[in-house]
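Chain residues, written in single-letter form:
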Amino acid sequence: ASVTVLEMDSVEGSAPLFNPDPQINEDEKVVQFFLDMPGVKTPNIKVVVVKRKMTISGMRFVGKKWISFFREFDLDVISIDVNTIKANLLNGVLTIKADKKEKGNPISIKVTTFKPGEEEALKKEAEEKEQRKKKAAVFKKKIVAKKKRQQKQQKVDSAMPSMGEELSLLIDVVSCRDLLIADKFGKSDPYVMIFLGDKKLHQTKYIKQTLDPVYTEEHDSSFVLNVTARKLFGNEGLLFKLIDFDLLSSDDPIGEVQVSAEDLIVMDGEETEYEVTPPADRANEYAGQMTIRVQYANDEDREHYGAKSKFTFWEPPSKEVVDMYKIQSRKVNPSLKGNAERRRSHLPGKGGDFC
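All figures in this text were calculated on a predicted structure; none of them were measured in a lab. (Residues numbered from 1 in each chain as written. Predicted model: local features only at pLDDT ≥ 70, side-chain atom pairs only at ≥ 80, totals over all residues. Heavy atoms only, no water.)

Some points on the overall build of the protein chain
- When helices and strands are counted, the protein chain shows six helices and 16 strands.
- The proportion of buried residues among the 355 residues of the protein chain is 33%.
- Long-range contacts, defined as pairs at least 24 residues apart, comprise 58% of the intrachain contacts of the protein chain with a sequence gap of at least 6.
- Roughly 23700 Å² of accessible area belongs to the protein chain as shown, and the carbon and sulfur atoms make up 51% of that amount. (Helix = DSSP H or I, 4+ residues; strand = E, 2+ residues; numbered from the N terminus. Buried < 20%, exposed > 50% of the residue type's maximum accessible area, 1.4 Å probe, protein only. Contact = heavy atoms within 4.5 Å. Areas by Shrake-Rupley, 256 points an atom, 1.4 Å probe, with all protein chains shown as cover.)

This is the structure in structure tokens:
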């Protein structure tokens, strides 16, 4: 056999040894060891592999005393995958089976004849070539990124509304994944709050015990935002705050996502994923990802989500509009001259016809 068997004699003062003779069979794929062990029970056998040596040892009870046995097999001369070794004791025969390691494909070694210093020069040339290749890849990556930025900017420019234009957006919180753990059971109960500046716009319901929530209509995942472009851009878009719900204590922040106004106006119903920024006290942790969907709302959307007004946020009219209404007010009723309160009643937004 291709395995060296090392025997150990009885040690003085110990139980006498018996050495069951092994039978070893092998083929191209498998090696098997067979050892006769009559009267030996499974709990009294140990098979251990350390540093390419497999040791089989144990004891059996004969008459009124225990008799020990010990066998050691040197595996250096045979290529065995130690992770596949299995041992089974049945009808007094211990069978140990292991797969052989697959032999690698033969490697052809090229024979060269380098002159003194030529090998180093070729090695240096190869390194320089690899450096040039890496620089070219980086440059190409920058070009692609620049092109994407230009395409996005073109899309933003084409969709850019005037600052006074009224926008109606359907906002949908789709899902999150790999969120921060906030509970002692290794999960969180996350919900999302959406803000425009300091104003809270909407809040989803929380989902119990998950780091990968999927929000649906059942969780109030969608709402319609009616706002002017000036308000949206002035607040740099929307802030999505992720919060962990706690029944017995205050809720804990577990991250946030800032979505720019430029992103919001160019979305056309496609799902977009953003990386979650962790809270300040966990700044070095990965806080996961959030997916949202934004599109322009229609009348059906506004009615369904209860956003029936033309747009939500009233903004003071510009100085030009104020001056225009002052002039018109004097022409209609000269007695209004000098009466600031009555003039203001004619301004849009104060008389009830301008939200």
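Brief notes about the environment of Leu196
- Inspection of the secondary structure assignment puts Leu196 in strand E10 (residues 190-196).
- Through-space distance from the C-alpha of Leu196 to that of Val227 is 9.9 Å; in sequence the pair is 31 residues apart.

Focus: the sheet that holds strand E8 (residues 93-99)
- Taking strand neighbours across the sheet as the criterion, the four strands line up as E2-E3-E8-E7 in an open arrangement whose pairing is antiparallel. The open sheet has two free edges, formed respectively by strand E2 (22-26) and strand E7 (86-90), since each of these has just one partner strand. Sheet twist, expressed as the average angle between the axes of neighbouring strands with direction ignored, equals 15°.
- Across five bridges, E7 lies against E8 in antiparallel orientation. By the bridge assignment for E8, Leu89 is matched with Leu94. (Pairing = 2+ DSSP bridges. Axes fitted to C-alpha atoms, helices over the stretch in contact; angles between N-to-C directions.)

A closer look at the pattern of salt bridges
- On inspection of all chains with the given rule, the structure shows seven salt bridges.
- Arg177 is paired through a salt bridge with Glu273; the nearest N and O atoms lie 2.8 Å apart. In this pair, Arg177 is assigned in strand E9 (residues 166-177) and Glu273 in strand E15 (residues 271-275), connecting sequence segments 96 residues apart.
- The partner of Arg293 in a salt bridge is Glu271, with the nearest N and O atoms 2.9 Å apart. Separated by 22 residues along the polypeptide, Arg293 in strand E16 (residues 289-296) and Glu271 in strand E15 bring together distant segments of the chain.
- A relative accessible area of 24% places Arg293 in the partly exposed class. (Salt bridge = Lys/Arg side-chain N within 4 Å of Asp/Glu carboxyl O.)

Considerations on the sheet that holds E16
- Read from one edge to the other, the open sheet built from four strands follows the order E12-E9-E16-E15, with strand pairing classed as antiparallel. Edge strands, defined here as strands with exactly one partner in the open sheet, are strand E12 (222-228) and E15. Each neighbouring strand pair of the sheet contributes to a mean axis angle of 35°, computed without reference to strand direction.
- In this sheet, E16 lies alongside E9 in antiparallel orientation, the contact comprising eight bridges. In the sheet register, Val173 faces E16, and the bridge partner there is Ile292.

Regarding the packing of aromatic side chains
- Enumeration over the complete set of coordinates arrives at one aromatic pair.
- Residues Tyr206 and Phe245 carry aromatic rings whose centres are separated by 4.0 Å and whose planes lie at 10° to one another, so their mutual orientation is stacked. Of the two residues, Tyr206 is situated in the loop between strand E11 (199-203) and E12 and Phe245 in the loop between strand E13 (238-244) and strand E14 (252-259); the sequence distance between them amounts to 39 residues.
- By relative accessible area, which is 32% here, Tyr206 ends up partly exposed.
- Relative accessible area serves as the criterion here: at 23%, Phe245 is assigned to the partly exposed category. (Phe/Tyr/Trp six-rings, centres within 6.5 Å; stacked < 30°, edge-to-face > 60°.)

Comments concerning the nonpolar core
- Counting 35 residues, the largest nonpolar core has Leu232, Leu238, Phe240 and Met290 as its most contacted members.
- Those elements that provide at least two residues to this core are E9, E10, E12, helix H2 (229-234), E13, E14, helix H3 (261-266) and E16.
- Aside from chain neighbours lying at most four places away, what touches Leu232 is Leu167, Leu169, Leu196, Val227, Gly237, Leu238, Ala261, Leu264 and Ile265.
- Formed by 16 residues, the second largest nonpolar core is a distinct cluster that contains Ile24, Val40, Ile80 and Ala98. (Core = buried A, V, L, I, M, F, W, Y, C linked by side-chain atoms within 4.5 Å.)

Some remarks on the confidence of the model for the protein chain
- Scored by pLDDT, the protein chain comes out at a mean of 77, with 73% of its residues at no less than 70.
- With pLDDT under 50 throughout, residues 1-15 is counted as low confidence; its partners more than four residues away or in other chains account for 34 contacts.
- Within the model, the stretch residues 331-355 combines pLDDT values under 50 with 28 contacts to residues more than four positions away or in other chains. (pLDDT = per-residue confidence, 0-100.)

A few points about the environment of Val259
- When you line up the elements, Val259 lands in strand E14.
- A relative accessible area of 1% means that Val259 is categorised as buried.
- Separated by 19 residues in sequence, Val259 and Phe240 have C-alpha atoms that sit 7.8 Å apart.

Concerning unusual backbone geometry
- Positive phi, normally seen in glycine, also occurs at Asn91, with a value near 55°.
- With respect to the helices and strands, the residue Asn91 is situated in the loop between E7 and E8.
- Judged by relative accessible area, Asn91 falls into the exposed class, the value being 74%.
- Within the chain, Asp220 stands out as a residue other than glycine whose phi angle is a positive 55°.
- Residue position: Asp220 is located in the loop between E11 and E12.
- Since its relative accessible area comes to 34%, Asp220 is described here as partly exposed.

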